[in-house]
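Observations on the model geometry
This is what each chain is made of:
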Amino acid sequence: LIIIRAIRATKPRTDTTTTKTMSAKKTQFNSEGFDLGAAADSGEGVVYEIGGGVTSVTNDDDNQNKEKAKESSSPSPMDESERLKALGNNDFKQGNHLDAYDYYTEAIEACPSGEGIGPTGQELLKLRDEFEEKNREKMMERQRKDMEKRRSRNNSNEDKKEEDDNEEKEDKPVETFSPPRHLYGPKLAVYHANRAATLLHLGRNGEAIEDCDISLLLNPTYVKAYQRRSTANERIENTEEALRDAQKACEFDPSNGAARKNAARLQKIEDERLEKLKEETMGKLKDLGNSLLGNFGLSLDNFATVQDPNTGGYSISFNQGADKK
């Protein structure tokens, strides 16, 4: 942009002829007398002035664009991890699960951690286990105190009331573990969940569960981690945990048809397992009851239970003539 700034001067007195002669001449502009070298060195917008002066003009937009370009060109701490993850994804798609596992492991190791950033996956698991161990100790101590109070039978009613009040104050809800925040938590969660996927293909279900645990500590709403941990738990016949993870996946992604279908399937399996467990438990209790009643010449077949359709309660009747087993 070139702006010519004319220097105004006092209009001299001239006669009419002189004025007409001057106006007839055309004004011509050339670069003679201007400091073009200074303008070129500035690399910015300049204003040329009649008389040879050069004024530099700073362009704020250009400076901001240069700063943004510098920031975008500077490497990110996660660039190497992202590159390794991409290589792992490529191998996973081609069925090279061992190579994919190695790449995901390297991506995890390349991810920054430490003070000001956050703990590693293994450190997170250690913090969680220590927290849960302390919770177990608190629960055991609470149960021990409850047993001691029940064994104490010589206290007055007033003392018992005071103890009950104190017990209510001490009966606090169980705390849950809140992991420390990781600066790159969402991306690190993906690396661990991807490695869990390779471990499922390699048949290493326990390790897959551990990687999913870390992934969900870093990102508690990561649906894929819930789905993969559900698969691993089902393979080791832990259908209760598998169903819980499947339901969590549906909770965080209600539109996921595959997750809903899997949760419904696992619910049916879990219901069948509980029914079978109930039958087995009842069978063992019946055997135990018969062994005790046998000392009196009786068995559970001498007793019949009838449910009241109105109240839902049961009544027990005794039949002396029932066959013994």
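Residues numbered from 1 in each chain as written. Predicted model: local features only at pLDDT ≥ 70, side-chain atom pairs only at ≥ 80, totals over all residues. Heavy atoms only, no water.

**Looking at the nonpolar core**
Applied cut-off: Definition of nonpolar core: a set of buried residues of the types Ala, Val, Leu, Ile, Met, Phe, Trp, Tyr and Cys, connected through side-chain atoms within 4.5 Å. Working definition: with a 1.4 Å probe on protein chains only, accessible area under 20% of the residue-type maximum means buried, over 50% means exposed, and in between means partly exposed. The way it works is that DSSP assigns letters per residue, a run of H or I at least four long becomes a helix, a run of E at least two long becomes a strand, and they are numbered from the N terminus. By definition, residues are in contact when any of their heavy atoms lie within 4.5 Å.
Counting residues in hydrophobic clusters, the biggest one holds 28 residues, and the most contacted among them are Leu188, Tyr191, Leu218 and Tyr222. Within the residue set of this core, elements represented by two or more residues are α5 (97-110), α6 (121-151), α8 (185-201), α9 (205-218), α10 (223-235), α11 (239-252) and α12 (257-293). If you tally residues by element for this core, the top one is α11, at 5 residues. Those residues in contact with Tyr191, other than ones at most four positions away along the chain, are Met78, Ser81, Glu82, Lys85, Tyr104, Ala107 and Ile108.

**Structural notes on the confidence of the model for the protein**
Do not read the predicted coordinates in detail wherever pLDDT is low. The condition that has to hold: Along the chain, pLDDT gives the predictor's confidence residue by residue, from 0 to 100.
Per-residue confidence for the protein gives a mean pLDDT of 79, with 67% of residues at or over 70. A low-confidence stretch, residues 1-14 (pLDDT under 50), is modelled with 14 contacts involving residues beyond four sequence positions or located in other chains. Below a pLDDT of 50 lies the segment residues 16-27, which in the model reaches 1 contact outside its immediate sequence neighbourhood of four places, other chains included.

**Topic: the environment of Ala304**
Relative to the elements of secondary structure, Ala304 occurs in strand β3 (residues 303-307). Overall, Ala304 belongs to the partly exposed group, its relative accessible area being 35%. Counting along the chain gives 15 residues from Ala304 to Asn319, while the straight-line C-alpha distance between them is 7.6 Å. Not counting chain neighbours up to four residues away, the residues in contact with Ala304 comprise Ser315, Ile316 and Ser317.

**Some remarks on the environment of Arg195**
Within the secondary structure, Arg195 sits in helix α8. With relative accessibility at 12%, the residue Arg195 sits in the buried group. Residues Arg195 and Phe92, spaced 103 residues apart in sequence, show a C-alpha to C-alpha distance of 9.8 Å. For Arg195, the contacting residues outside a window of four places in its chain are Tyr101, Tyr104, Thr105, Ile108 and Asp211.

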